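One-letter residues, chain by chain:
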Amino acid sequence: MTKPATYRDAGVDIDAANRATEKIKQLARATFNARTLSEIGSIGGMFDGAFPEMRSPVLVASADGVGTKLKIAFATGIHNTIGTDLVNHCVNDILVQGARPLFFLDYIATGKLEPEVVTSIVEGIAAGCRENGCALLGGETAEMPGFYSEGEYDVAGFIVGVVDREKIIDGCAIVPGDVVLGLPSVGLHTNGYSLARKLFFENAGHKPDSFNEELGESIGAALLKSHVSYLSVLENLLDKGLIKGLAHITGGGLLENLPRILPEGTGVEITRGSWPVLPIFELMQRIGNISEAEMFRTFNMGVGMVIVCDGTNSAQVTSHLESRSAVYEIGRVVAGDKRVAIV
């Protein structure tokens, strides 16, 4: 007689998923606040939507992943930083419109669910949520046998924040003469990893644990540096009306992200050498003999967030920022057709 088939025979281990879920519940609870109205495991996450302190609250939502930075996590066996990358990337994406985060949802998919790996990923997500003051309201962990290579997974994050309508930052007031300020990144953040992996591991023949004197650490450690959240640096400025535009420098670099906030009739001139370019970018450029233009449209080049403000307010903005982060005046808004030039 044929043995009765089970879901585990097909590669889906419900018991392993349940073990992971219990650990995830503990991590998520540590991010809950007074607005959180549901538990992990509920069909839907509930969050109090009353904002009496705002005249006209507007919800701002975004979704993202961390791209092939995941390949570095697979190669090093370090999984607890990817979750923080995910949260911080999403926080920055809504921050550029002046929104503060409310809650976060995650999606983790893998071919074979390893509870320790999933828990490690969610540890990073929960840490990012705590640091940014948002609740990890729920998520989904999907085990899909045969869909992913062994030991690999994918992650995605979904964030919702809020901003008062009169305090939305959208770049519409930007005019020629405005000052462009840059906040430093700590590395690639979550973009450009397909090229970075090719350069380091194929062209240069390095391994993730190869120590590099110029970087002062292993290649893997340099590539796993966490994406920075700029919320704590900018939060006290969001309500002052001093910021005209914010650009999160992600895929496409300065050349592709700054035009997204520029109104018609304006452009930006970025002053070459006005901030310290991180050694990892200089190293990659040498390894691949990459043109400056290609570097600037692929990597953040050491600038993770750009602020545009009126020239008369730049000293006040800079003074505020300097107490929390390094800040550099990296360029000016000029008359133009929404293009960015490195001069």
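The preceding data block contains the structure.
These lines cover the structure that appears in this document, whether it is placed above or below. These numbers come from a predicted model, not from an experiment.

### Thoughts on the pairing of strand β4 (residues 153-164)
In terms of burial, β4 is a largely internal element, ten of the twelve residues being buried. Inspection of the sheet shows strand β1 (residues 57-64) paired to β4 by eight bridges, in the antiparallel sense. If you follow A63 over to β4, its bridge partner there is F158. Sheet topology note: the strand β2 (residues 100-110)/β4 ladder contains ten bridges and is antiparallel. Residue pairing in the sheet places P101 in a bridge with G161 of β4.

### As for the pattern of salt bridges
Within the structure shown, the criterion is met by 19 salt bridges. Three or more residues are tied together by salt bridges with common partners; here these are R100, K167, E235 and D239.

### Remarks on helix α2 (residues 69-76)
Restricting attention to buried positions, one finds in α2 the residues K69, L70, I72, A73 and F74. Here the buried face of α2 lies against α3 (82-95), β4, α5 (193-203) and α6 (219-223). Immediately beyond the C-terminal end of α2, within one or two residues, lies G77, with a positive phi of roughly 75°.

### Looking at the environment of E269
By the secondary structure assignment, E269 is in strand β9 (residues 266-270). Judged by relative accessible area, which is 36%, E269 ranks as partly exposed. Placed 247 residues apart in sequence, E269 and E22 show a C-alpha to C-alpha distance of 52 Å. Discounting residues that sit within four places of it in the chain, E269 has contacts with I330, G331, R332, V334, A341 and V343.

### Re the nonpolar core
Ranked by internal contacts, the top residues of the largest apolar core, which has 55 residues, are F104, V155, L183, L234, L246 and L321. Considering every element that reaches this core, the biggest residue donor is α3, with seven residues. If we skip the residues at most four places from it in the chain, L234 touches L95, L183, I243, L246, M305, I307 and L321. In terms of nonpolar packing, the next biggest core, distinct from the first, is built from 38 residues, F200, A247, I261 and F281 among them.

Procedures and definitions
Residues numbered from 1 in each chain as written. Predicted model: local features only at pLDDT ≥ 70, side-chain atom pairs only at ≥ 80, totals over all residues. Heavy atoms only, no water. Buried < 20%, exposed > 50% of the residue type's maximum accessible area, 1.4 Å probe, protein only. Helix = DSSP H or I, 4+ residues; strand = E, 2+ residues; numbered from the N terminus. Pairing = 2+ DSSP bridges. Salt bridge = Lys/Arg side-chain N within 4 Å of Asp/Glu carboxyl O. Contact = heavy atoms within 4.5 Å. Core = buried A, V, L, I, M, F, W, Y, C linked by side-chain atoms within 4.5 Å.

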